[in-house]
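Residues per chain, in single letters:
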Amino acid sequence: MTTLLVIAKEPVPGRVKTRLCPPFSPVQAALLAEAALADTLAVVAGLPAERRVLVLDGTARDWLPAGFDVVPQGAGPLDERLAAAFSLCAGPALLVGMDTPQLSAALLAPALAPWAWHEHDAWFGPAADGGFWALGLAVPDPELLRGVPMSVPETGAAQRRRLVDAGLRVGDLPTLRDVDTAADARLVARDAAGSRFAALHARLVPASTGPHRADACGPRPGDGSSPAGPR
């Protein structure tokens, strides 16, 4: 069976989803990030897996369901942290981020079917922003990620090309939208009807329409919560 990895950042105000501010406040942005993470973990918890691992920057709290091992993210830039996550696995592994609360078992079904690795050596889930939301490797070689440019519009294309150039047979998953901006949040909430994220977004939108300073979230460092994509 496949090991399932979720790479995430603890949803702390001012450290996550800073591009949601404005119109959302830092606290609201962190609550939305927590809801997205909780939705993602709930889906992964219900999937068949050899092992479920949360690769976390921060501390796990009550949003973490049972059945997950928690390991710290590695040091360095995102490509190194992703490589370190895959190095934890001895057999097939599938990694997702926390920025796609519209995730479902059906979306991941091709990569988790009993025959998923018979005709494919890798699975790739592109993101609408040019990054990727899922990456699966039959043989989790960290070198397949090291050196791939992260958080740029070409990230997804570069990562998929790395797989193809290595001679891997790549299966493609559907394109999903990450929650990065307020516009993304609105569209994802629509697609994630019934999710914790959608319910919270519906409650926060009226409260987020007032004036906010453009710098309300403070500095906007690179995020450790999604496999890759522009920030």
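This report concerns the structure included in the present document. Computed from a prediction, not measured in an experiment: that's the story for all the values here. (Residues numbered from 1 in each chain as written. Predicted model: local features only at pLDDT ≥ 70, side-chain atom pairs only at ≥ 80, totals over all residues. Heavy atoms only, no water.)

Take the overall build of the chain next. Counting its secondary structure elements, the chain contains six helices and seven strands. Start at the N end of the chain and walk to the C end: the helices and strands fall as β-α-β-β-α-β-α-β-β-α-β-α-α. Burial status across the chain gives 53% buried among its 231 residues. Contacts in the chain between residues at least 24 apart in sequence constitute 71% of all its contacts with a sequence separation of at least 6. Entry remark: accessible area of the chain is about 9,500 Å², with carbon and sulfur atoms responsible for 57%. (Helix = DSSP H or I, 4+ residues; strand = E, 2+ residues; numbered from the N terminus. Buried < 20%, exposed > 50% of the residue type's maximum accessible area, 1.4 Å probe, protein only. Contact = heavy atoms within 4.5 Å. Areas by Shrake-Rupley, 256 points an atom, 1.4 Å probe, with all protein chains shown as cover.)

Bringing the layout of surface pockets into the picture now. Taken as a whole, the largest pocket encloses approximately 150 Å³ of empty space. What lines the largest pocket is M1, T2, P48, L112, A113, P114, A116 and W117. A per-class count over the lining of the largest pocket returns seven nonpolar, one polar and no charged. (1 Å grid on protein atoms, 1.4 Å probe; cavity = no way out; pocket = protein on both sides within 12 Å on 5 of 7 lines; lining within 4 Å. Points joined across faces, edges and corners; volume = space filled by probe spheres on them. Nonpolar A, V, L, I, M, F, W, Y, C, P; charged D, E, K, R; others polar.)

Topologically, H201 is positioned in helix 6 (residues 196–207). Relative accessible area serves as the criterion here: at 8%, H201 is assigned to the buried category. Leave out the neighbours within four places in its chain, and H201 touches F24, L32, A185, R186 and A189.

For the rest of this paragraph, the subject is the side chain of D79. Mapping D79 onto the fold places it in helix 2 (residues 78–86). Excluding its chain neighbours within four sequence positions, the residues that come into contact with D79 are L145, R146, G147, V148 and M150.

Across the sheet, which stays open at both edges, the seven strands sit in the order 3-2-1-4-6-5-7 with mixed pairing between neighbours. One side of each edge strand has no neighbouring strand; the edge strands of this open sheet are strand 3 (69–72) and strand 7 (170–172). Shown here is a sheet whose adjacent strand axes are inclined to one another by a mean of 20 degrees, direction ignored. Direction of pairing for strand 1 (residues 3–9) relative to strand 4 (residues 93–96): parallel, over a ladder of four bridges. Its bridge partner lying in strand 4, T3 is registered against A93. (Pairing = 2+ DSSP bridges. Axes fitted to C-alpha atoms, helices over the stretch in contact; angles between N-to-C directions.)

This next bit is on the nonpolar core. By size, the foremost hydrophobic cluster in this structure holds 31 residues, and its most contacted members are V6, L54, L108 and W133. Those elements that place two or more of their residues in this core are strand 1, helix 1 (26–45), strand 2 (51–57), strand 4, helix 3 (105–112) and strand 6 (132–137). The dominant element in this core, judged by the number of residues it contributes, is helix 1, at six residues. L54 has contacts with V6, A8, L41, W63, L64, F68, D69, V70 and V71, leaving out every residue within four places of it along the chain. By size, the runner-up hydrophobic cluster in this structure holds 25 residues, among which are V71, A85, A93 and L144. (Core = buried A, V, L, I, M, F, W, Y, C linked by side-chain atoms within 4.5 Å.)

Any two side chains of opposite charge can pair if their charged atoms end up close together. If you walk through the whole model with that rule in mind, you get 12 salt bridges. Notably, a salt bridge pairs K17 with D99, separated by 3.3 Å at the nearest N-O pair. With a gap of 82 residues between them, K17 in the loop between strand 1 and helix 1 and D99 in the loop between strand 4 and helix 3 connect regions that are remote in the sequence. D99 matches K17 in its accessibility class, with the two residues each being buried. In this structure, E80 engages R146 in a salt bridge whose closest nitrogen and oxygen atoms are separated by 3.0 Å. Pair noted here: E80 is in helix 2 and R146 is in the loop between strand 6 and helix 4 (155–165), with a separation of 66 residues, a long-range link. (Salt bridge = Lys/Arg side-chain N within 4 Å of Asp/Glu carboxyl O.)

Okay, the pairing of strand 1 next. Along strand 1, seven of the seven residues are buried, which leaves the element largely enclosed by surrounding structure. Of the two faces of strand 1, both are covered, the one formed by T3, L5, I7 and K9 as well as the one formed by L4, V6 and A8. The sheet contact formed by strand 1 and strand 2 spans seven bridges and is parallel. Bridge pairing links A8 to L56 in strand 2. For the crossover from strand 1 across helix 1 to strand 2, the handedness is right-handed. (Right-handed = clockwise from strand over helix to strand, strands pointing away.)

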